[in-house]
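# Geometric and topological summary
The residues making up each chain are set out below.
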Protein chains: 2
Amino acid sequence: MAWHTRSSRTVYANRWISVREDEVTGPAGDGVYGVVTMRHPAVFVVAMDARARICLIRLERYTTGGGLEVPAGGTDGEDPLVAAKRELREETGFTASEWTLLGTMNALNGVAIAPEHVYLARGLLRTQDGARARLEEGISDVVWVPFAEAVAMVADGRVTDGETIAALAYAGIHLERFR
Amino acid sequence: MAWHTRSSRTVYANRWISVREDEVTGPAGDGVYGVVTMRHPAVFVVAMDARARICLIRLERYTTGGGLEVPAGGTDGEDPLVAAKRELREETGFTASEWTLLGTMNALNGVAIAPEHVYLARGLLRTQDGARARLEEGISDVVWVPFAEAVAMVADGRVTDGETIAALAYAGIHLERFR
């Protein structure tokens, strides 16, 4: 084992994250390590309609400002698939009949424990749900773009959310567009 | 503007991250927001050799355990390209004559300000550098796999690092393997 924890104390916690500082002995010797732990895993949804368009939402992040992202959110302790269905409905107004778990990844692993599940959702059906949730999440727009256009938006910097880029990669592999 | 900051206090800081708790008024009303800020941007390198193989390193993360990742690290305040060259040399022993900035993304933007630059490195040349750095970073192996194999490793869960997956997506787009 490359790492040994000599002590650990929680330095901050809120509803969504906790932060601890550990005294560690690692490959480079003794030091401190600040670890950010997400209280719950997150879910990311690539929702694809019958015309092979995918859904992106435009929202204002408190951290990084405005951007286009796939529908996503915390699981709040729910089963990840239940959370993915809820987030898609709240953030876009759509339900889906076909769900595929594409993979589970970790973000920012130099400092964080942040597991993230990526789903592909197809068989979409529009509902009237979510208008209030979209308002409360600061979502200003829901757009549908051809998959190839979403990929082009990564290339030219219109999409910069790391998790959205990774989710598109998972979907691209599954759809045999990325090899 | 969707967010207004009413107060802000630093609750934790070390050499690599700072954490603040802000009182905010956002789209859903008043609340607190914990924000993790990386002190410096990070860099990720997709290094491709003349046989179209890419480099993955195996290392033990204190946060998430063992895994395969592209060479990466913090910029420590350096120019990102300088940092990318240093990380590649330290983590793999290779230098590269051709560097392409593929894009800049943000990780974990629900809670973090974590900018990340992704490079493609080609024209590789092996050196004897980095053996000590690899030891200190807990790198146990440096492997070269065909690009398509790295993509397959994402699909079947052998690669789970979110930034590595996004970096492969950027490289795949640039190399016209992802569309």
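It should be noted that the structure appears before, not after, this text.
Structural notes, computed from the coordinates. Keep in mind it's a predicted model, so treat the numbers as computed, not measured.

### So, the side chain of Thr75(B)
Structurally, Thr75(B) can be placed in the loop between strand 7 (72-74) and helix 1 (80-92). In this structure Thr75(B) touches His40(B), Pro41(B), Ala42(B), Val43(B), Pro80(B), Ala83(B) and Arg86(B), once residues within four positions along its chain are discounted.

### Description of the sheet that holds strand 2 (residues 17-26) of chain B
Residue and element names in this part refer to chain B. The strand order across the open sheet formed by four strands is 1-2-3-9, and the pairing between neighbours is mixed. The outermost strands of the open sheet, each flanked by one partner alone, are strand 1 (4-13) and strand 9 (112-113). As paired strands, strand 1 and strand 2 are joined by eight bridges and run antiparallel to one another. From the neighbouring strand, Ser7 faces strand 2, where its bridge partner is Glu23.

### Comments concerning the interface of chain B and chain A
At the interface, 65 residues of chain B touch 65 residues of chain A. Taking both sides of the interface into account, the surface hidden between chain B and chain A amounts to around 5400 Å²; carbon and sulfur atoms contribute 65%. Summed over the three residues of chain B that lose the most area to chain A, namely Tyr62(B), Leu108(B) and Arg179(B), the buried surface amounts to 16% of that side. Counting the contacts that link chain B with chain A gives zero salt bridges. Run the count over chain B and chain A and you get 26 residue pairs in polar contact (both at pLDDT 80 or more). Sorting elements by how many residues they give to the side of chain B that touches chain A places helix 4 (residues 162-174) of chain B first, with nine residues. By residue class, the composition of the side of chain B that touches chain A is 39 nonpolar, 13 polar and 13 charged.

### Quick notes on the relation of the copies chain B and chain A
Aligned on chain A, chain B shows an RMSD of 0.0 Å; the corresponding rotation is 180 degrees and the shift along the axis is 0.0 Å. Expressed as an axis order, the relation between the two copies is that of a two-fold axis. The overlap is high: 100% of the interface residues of chain B also sit at the interface in chain A, so the same surface is used on both sides.

### Digging into the sheet that holds strand 11 (residues 139-146) of chain B
Residues and elements named next belong to chain B. Read across the open sheet, the three strands follow the order 6-5-11; overall the sheet is antiparallel. If you trace the sheet from one side to the other, it starts and ends with strand 6 (65-69) and strand 11, each paired once. On average, each strand axis in the sheet is inclined to that of its neighbour by 20 degrees, with strand direction left out of account. Sheet strands touched by helix 3 (residues 147-155): strand 5 (53-61), strand 6 and strand 11. Its angle to strand 11, the strand with the most contacts, is close to 115 degrees.

### Here we look at the packing of aromatic side chains
Note on aromatic pairs: each is described by the distance of the centres and the angle between the planes. Inspection of every chain in the model, using the stated rule, returns 13 aromatic pairs over all chains. Measuring from centroid to centroid gives 5.1 Å for Phe94(B) and Trp144(B), while their planes differ by 65 degrees, and the two rings are edge-to-face. Remark: Trp144(B) occurs in strand 11 and Phe94(B) occurs in strand 8 (residues 94-106); sequence separation between them is 50 residues. Owing to a relative accessible area of 10%, Phe94(B) belongs among the buried residues under this scheme. The interplanar angle of 75 degrees and the centroid separation of 6.1 Å between the aromatic rings of Trp99(B) and Tyr119(B) together place this pair among those described as edge-to-face. You can see Trp99(B) sitting in strand 8 and its partner Tyr119(B) sitting in strand 10 (residues 115-126), a full 20 residues away along the chain. Classification of Trp99(B) as buried rests on a relative accessible area of 18%. Residue Tyr119(B) is classed as buried on the basis of its relative accessible area, which comes to 6%. Here the aromatic cluster, defined as three or more aromatic residues joined through ring pairs, consists of Phe147(A), Phe178(A), Phe147(B) and Phe178(B).

### A closer look at the pairing of strand 5 of chain B
All names here are of chain B. Examined bridge by bridge, strand 5 and strand 11 share seven bridges and lie antiparallel to one another. Bridge pairing in strand 11 places Cys55 opposite Trp144. One ladder, built from five bridges, connects strand 5 with strand 6; its direction is antiparallel. Of the residues in strand 6, the one forming a bridge with Arg58 is Leu68. Here strand 5 hands over to strand 6 after three residues, the two strands then running antiparallel side by side.

Scoring rules and cut-offs
- Residues numbered from 1 in each chain as written.
- Chains lettered and ligands numbered in written order.
- Predicted model: local features only at pLDDT ≥ 70, side-chain atom pairs only at ≥ 80, totals over all residues.
- Heavy atoms only, no water.
- Helix = DSSP H or I, 4+ residues; strand = E, 2+ residues; numbered from the N terminus.
- Contact = heavy atoms within 4.5 Å.
- Pairing = 2+ DSSP bridges.
- Buried area = accessible area lost by both parts, 1.4 Å probe.
- Salt bridge = Lys/Arg side-chain N within 4 Å of Asp/Glu carboxyl O.
- Polar contact = N/O pair within 3.5 Å; in protein donor to acceptor, adjacent residues only side chain to side chain.
- Nonpolar A, V, L, I, M, F, W, Y, C, P; charged D, E, K, R; others polar.
- Least-squares fit on C-alpha atoms with pLDDT ≥ 70 in both.
- Axes fitted to C-alpha atoms, helices over the stretch in contact; angles between N-to-C directions.
- Phe/Tyr/Trp six-rings, centres within 6.5 Å; stacked < 30°, edge-to-face > 60°.
- Buried < 20%, exposed > 50% of the residue type's maximum accessible area, 1.4 Å probe, protein only.

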